[in-house]
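The lines below spell out each chain.
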Amino acid sequence: MYLYPAVAFLCIGLLTTACSSSKNVAVPTADETRDAILSDTWVFVAETALPQGGRPQILDTRYDVRLGRDTLTSFLPYFGRSFSGSGMMGGNSNPMDFKSTRFTVDRQELKKGGWRVTIRPNDVQAVQSMSADRFDNGSASMNVTLTDRTPMTYQGRVVPRRR
């Protein structure tokens, strides 16, 4: 009779400790982030994908956008709708998986702290712009406007790129 509550308490305790995260995520300082943004050497790490008109998707695989001085590499998932058949027959059907060497970067410091960085790849036809907002608490969001597909938003964080 007293065995059932003891077993239930033990199971709840084991599940609680097994599901807790021991991953420590170091939040870069404001100066490190400012330097990374001004020198175009940062990484946006996506943690959640928010498709337009769909449910949020928690991302358990590392998806990111890496910005270097001369290269932009995007490895993000796409959950959305296409308005044309381009890219469906052969080739890469994910418009968010690309590498660009011709792009423009516009930086803007926000009034309440943080940064907005807008990237326009000139050699990737599917992507019109990528706008990343980095907030003072370390979180970030990235809005991607595509040519012939519904837009996507990602939530995550911006960290300085390790050389």
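Residues numbered from 1 in each chain as written. Predicted model: local features only at pLDDT ≥ 70, side-chain atom pairs only at ≥ 80, totals over all residues. Heavy atoms only, no water.

1. Here's the deal with the overall build of the protein
Applicable threshold: Each helix is a run of H or I in the DSSP string that is no shorter than four residues. Each strand is a run of E no shorter than two, and both are numbered from the N terminus. Partly exposed describes any residue whose relative accessible area lies between the buried limit of under 20% and the exposed limit of over 50%, with all areas from a 1.4 Å probe on protein chains only and scaled to the type maximum. By definition in these notes, contact holds between two residues if any of their heavy atoms fall within 4.5 Å. Methods summary: accessible areas were calculated by the Shrake-Rupley approach with a probe of 1.4 Å, and residue burial reflects only the protein chains presented.
Within the protein, the regular secondary structure consists of two helices and nine strands. Across the protein, helices and strands are ordered from the amino to the carboxyl terminus as α-α-β-β-β-β-β-β-β-β-β. Here the protein holds 163 residues, and 37% of them are scored as buried. A separation threshold of at least 6 residues defines the contact pool for the protein, and within that pool the share at least 24 residues apart is 48%. For the protein, the accessible area works out to roughly 10,400 Å², and carbon and sulfur atoms hold 54% of it.

2. A short note on helix H2 (residues 30–38)
The following threshold applies: What the arc measures is the spread of directions leading from the helix axis to the C-beta atoms.
Within the span of H2, buried status applies to Thr33, Ala36 and Ile37. Burial along H2 is one-sided: seen end-on, the buried residues are contained in an arc of 95 degrees. Aspartate 40, located one to two residues past H2, shows a positive phi value of around 55 degrees.

3. Quick word on the nonpolar core
We apply this condition: Among buried residues, the Ala, Val, Leu, Ile, Met, Phe, Trp, Tyr and Cys ones that are joined through side-chain atoms within 4.5 Å form a nonpolar core.
Membership of the largest hydrophobic core comes to 31 residues, with the highest contact counts inside it found for Trp42 and Met130. Looking at this core, the elements with two or more residues in it are H2, strand E1 (42–51), strand E2 (57–67), strand E5 (103–109), strand E6 (115–121), strand E7 (127–134), strand E8 (139–146) and strand E9 (152–160). Aside from chain neighbours lying at most four places away, what touches methionine 130 is Val65, Leu72, Ser74, Leu76, Met96, Phe98, Val117, Thr118, Ile119, Met142, Asn143 and Val144.

4. So, the pattern of salt bridges
Note the cut-off: Just to be clear on terms, a salt bridge is a Lys or Arg side-chain nitrogen sitting within 4 Å of an Asp or Glu carboxyl oxygen.
Summed over the entire model, instances satisfying the criterion amount to eight salt bridges. One salt bridge in this structure joins aspartate 106 and arginine 120, with 3.2 Å as the shortest N-O distance. Of this pair, aspartate 106 sits in strand E5 while arginine 120 sits in strand E6; the two residues are 14 residues apart in sequence, bridging distant segments of the chain. Residue class for arginine 120 comes out partly exposed when judged on its relative accessible area of 37%. Overlapping salt bridges, with partners in common, bring together Asp31, Arg34 and Asp35 in one network.

5. Brief notes about the sheet that holds E7
Stated precisely, the cut-off is as follows: One requirement defines pairing of two strands: DSSP has to find at least two bridges between them. Axis lines are fitted to C-alpha atoms, over the contacting stretch for helices. Their N-to-C directions set the angle, which ranges from 0 to 180 degrees.
Strand order in the open sheet formed by nine strands is E4-E3-E2-E1-E9-E8-E7-E6-E5, and the pairing between neighbours is antiparallel. The sheet is open, and its two borders are formed by strand E4 (97–100) and E5, each paired with just one other strand. Each neighbouring strand pair of the sheet contributes to a mean axis angle of 20 degrees, computed without reference to strand direction. One ladder, built from six bridges, connects E8 with E9; its direction is antiparallel.

6. Side note on the environment of tryptophan 115
Inspection of the secondary structure assignment puts tryptophan 115 in strand E6. A C-alpha to C-alpha distance of 9.2 Å links tryptophan 115 and threonine 33, two positions 82 residues apart in sequence. If near-sequence neighbours (up to four positions away) are discounted, tryptophan 115 is found in contact with Arg34, Ile37, Leu38, Gln108, Glu109, Leu110, Ala132, Asp133 and Arg134.

7. Describing the confidence of the model for the protein
Do not read the predicted coordinates in detail wherever pLDDT is low. Our working definition: What pLDDT expresses is the predictor's confidence in each residue, scored from 0 to 100.
Residues at a pLDDT of 70 or more form 78% of the protein, whose mean pLDDT is 82. Ranking the elements of the protein by mean pLDDT puts helix H1 (residues 3–19) last with 51 and strand E3 (residues 72–75) first with 96. Throughout residues 14–23 the model reports pLDDT below 50, and contacts reaching past four residues in sequence, or to other chains, amount to zero contacts.

8. Here we look at the side chain of serine 129
As for its placement among the helices and strands, serine 129 is situated in strand E7. Residue serine 129 is classed as buried on the basis of its relative accessible area, which comes to 14%. In this view, serine 129 contacts Thr118, Ile119, Arg120, Asn143, Val144 and Thr145; residues no more than four positions away in its chain are not counted.

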